[in-house]
Amino acid sequence: MICDMTQGKPSGILWKYSLPILLSVAFQQLYNIVDSVVAGQFVGEQALAAVGASYPITMIFMAVAAGLNVGCSVVIAQLFGSKNMADMKTSVHTSLVMAVAVSLFFTVIGTISCQPIMQMLQTPEDIFTDGALYLRIYIFGLFFLFLYNICTGIFTALGDSRTPLYFLIFSSLGNIALDLWFVIQFQMGVAGVAWATFAAQGFSSVLAFAVLMKRLRKIQTEQKPRWFSKEMLGKICRFAIPSILQQSFVSVGNLFIQWLVNGYGSSVIAGYSSAIKLNTFAITSFTSLANGMSNFAAQNMGAGQPRRVKKGLKAAVLMGCCVAAPFVLAYLGAGKAMIHIFMNNPSDEAVQVGILFLRIVAPFYFTIMIKLMIDSVLRGAGAVLCFTVSTFSDLLLRVVLAFVFSPFFESTGIWLSWPVGWVVSMLVALVFYWKSDWEQQKSVARL
């Protein structure tokens, strides 16, 4: 559904636009959290640590899949908007072929390198076997991961945001049922958690592909679309590669942090794995709101209304505070109970690590939320250099500070790198917002 955000009250528009996105985020994070909950509750603390140790590696594959999603959806949306249906179908076909090729490439590379990477990350011996097993099964399902992401990107490009949500709900609920079935009924342990994700994602991706092909057949074209086009591939890559690099950079940074965490043993890994999933839930929610603000800024800058963008930013920050407040209260007031969701009979060290992480980072959710909202204005206005510097400053600071603080404060020093990095990077974003010429941008960056 097309949403014109150049007219009407900014706060009302942003709430209406962002609520479905928040719902999608909730189910997406439910999908990611369930594996850890089932592993921790029904297999044990070491199983949770094993799943958590492989998490940063799986996020690299997710980064590539998400980048391809962006690349294909931008090109397809442009062609669909121009009513060039033959080329639009060609771009869809090319995107699907590319997704298959890239998924097979990473399946081979991942299968060969999964154990060496986990060794490089100093994964403790007591969780290494389970962690490598989980990662290997996950890698076997990369074809479905890439196919699912490409299909949802195409649906979104064609103006359909509901169908991807339905598939996500179905996949999440299916993953929960299969997790419990494989782990409790068949006692498959960590392998059961991995195969549940494989099956749920596989079925959803095939179903999404079938629905997509059925809808495409209904779109009539004067010329016969091609199944692959080098020219179309180049257009897609022009948008996809920068997005892949940006998201991969974040994932690689998380690998360095995981390397530090792994040095403190399986109990610290388990506590961190629980807390980081909760933290990711909050940050992803803020990011989704920021993406809505970015589209708001892009449309209004395109309409020559920078003042309206400023009004929208104020409304977005207020909206973000309303979303951040429950996370802060929940993590500070009920952090222990939430950590226990992930583990059955956990060690005291694992629980204390998780609680301490949440107590350190949660009060600064308002800080990172404001930073993300400002970044979204810079991106939507087309100030790509400012946006890039502001975005990467957060990650660089967190990684560098984690290495600086950990020798003095041990694992607590790693957790401290989050709020310090957020505060500094928010100040960087504010300087760009106040001092750069984002209001004078003539073109809108399509991200």
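The rules behind these values
Residues numbered from 1 in each chain as written. Predicted model: local features only at pLDDT ≥ 70, side-chain atom pairs only at ≥ 80, totals over all residues. Heavy atoms only, no water. Helix = DSSP H or I, 4+ residues; strand = E, 2+ residues; numbered from the N terminus. Contact = heavy atoms within 4.5 Å. Areas by Shrake-Rupley, 256 points an atom, 1.4 Å probe, with all protein chains shown as cover. Axes fitted to C-alpha atoms, helices over the stretch in contact; angles between N-to-C directions. Parallel < 35°, antiparallel > 145°, perpendicular 65-115°, else oblique. Left-handed = near helix turned anticlockwise from the far one by under 90°. Nonpolar A, V, L, I, M, F, W, Y, C, P; charged D, E, K, R; others polar. Expected span 1.5 Å × (residues − 1). Bend = angle between axes of the 7 residues up to and from the residue. Buried < 20%, exposed > 50% of the residue type's maximum accessible area, 1.4 Å probe, protein only. Phe/Tyr/Trp six-rings, centres within 6.5 Å; stacked < 30°, edge-to-face > 60°. Core = buried A, V, L, I, M, F, W, Y, C linked by side-chain atoms within 4.5 Å.

1. Some remarks on the overall build of the chain
At step 1: Looking only at helices and strands, the chain features 15 helices and 0 strands.
At step 2: Relative to all contacts within the chain whose residues are 6 or more apart in sequence, the contacts with residues 24 or more apart total 83%.
At step 3: With the model as given, the accessible surface of the chain reaches about 19500 Å², and the carbon-plus-sulfur share is 66%.

2. Focus: the packing of helix 12 (residues 348-361) against helix 15 (residues 411-435)
At step 1: Running from N to C, helix 12 and helix 15 point in directions that differ by 20°, and their axes come no closer than 9 Å. One way to sum up the angle between helix 12 and helix 15 is to call them roughly parallel. The two elements helix 12 and helix 15 cross, and the hand of that crossing is right-handed. Contact residues: helix 12 offers V353, L356, F357, I360 and V361, while helix 15 offers T412, W415, L416, W418, P419 and W422.
At step 2: Split into classes, the residues belonging to the contact of helix 12 with helix 15 amount to 10 nonpolar, 1 polar and no charged.

3. Quick look at the packing of helix 11 (residues 335-342) against helix 12
If you want to describe how two helices pack, look at the angle between their axes and the distance between the axes.
At step 1: At a minimum axis distance of 9 Å, the contact between helix 11 and helix 12 shows a crossing angle of 130°. It follows that helix 11 is oblique to helix 12 by the angle criterion. Crossing geometry of helix 11 relative to helix 12 is assigned as right-handed. Contacts from G335, K336, I339 and H340 of helix 11 reach helix 12 at V351, G354, I355 and L358.
At step 2: Residue composition of the contact of helix 11 with helix 12, by class: 4 nonpolar, 3 polar and 1 charged.

4. Quick word on helix 10 (residues 306-333)
At step 1: Taking 1.5 Å per residue as the helical rise, helix 10 with its 28 residues ought to reach 40 Å, and the 40 Å between its terminal C-alpha atoms agrees with that figure.
At step 2: A maximum bend of about 25° is found in helix 10 at A324, where proline P326 lies one to four positions downstream.

5. Some thoughts on helix 6 (residues 162-185)
At step 1: With 24 residues, helix 6 ought to run about 34 Å at 1.5 Å a step, and its terminal C-alpha atoms sit 34 Å apart, in line with that.
At step 2: Along helix 6, the residues classified as buried are T163, P164, L165, F167, L168, S171, S172, N175, L178, D179, F182 and V183.
At step 3: Q187, located one to two residues past helix 6, shows a positive phi value of around 55°.

6. Focus on the environment of C114
At step 1: Turning to its location among the elements, C114 is positioned in helix 3 (residues 85-120).
At step 2: Judged by relative accessible area, which is 2%, C114 ranks as buried.
At step 3: Along the primary structure C114 and G131 are separated by 17 residues, whereas in three dimensions their C-alpha atoms are 9.7 Å apart.
At step 4: Ignoring anything within four residues of it in the chain, the contact list for C114 reads L135, R136 and I139.

7. Let's talk about the packing of aromatic side chains
At step 1: Scanning the entire structure with this criterion turns up 21 aromatic pairs.
At step 2: Ring centres of F357 and W418 lie 5.1 Å apart, and the angle between their planes is 75°; on these two criteria the pair is classed as edge-to-face. Within this pair, whereas F357 is found in helix 12, its partner W418 is found in helix 15, the two being separated by 61 residues in sequence. Judged on exposure class, the residue F357 and its partner W418 are both buried.

8. What to know about the nonpolar core
Grouped burial of nonpolar side chains is what soluble globular proteins tend to show.
At step 1: Core analysis: the biggest nonpolar cluster contains 108 residues, and F146, F286, M293, F357, Y365, W415 and W418 have the highest contact counts within it.
At step 2: Among the elements that take part in this core, helix 9 (residues 266-302) stands out by supplying 15 residues, more than any other.
At step 3: Discounting chain neighbours no more than four positions away, the residues touching F357 are Y272, A275, I276, N279, W415 and W418.
At step 4: Core analysis: the second largest hydrophobic core is formed by 10 residues, V51, Y134, I137 and A191 among them.

9. Points about the side chain of K371
At step 1: Secondary-structure assignment places K371 in helix 13 (residues 365-381).
At step 2: Here K371 falls in the buried class, since its relative accessible area comes to 1%.
At step 3: Excluding its chain neighbours within four sequence positions, the residues that come into contact with K371 are S390, T391, D394, S425, M426 and A429.

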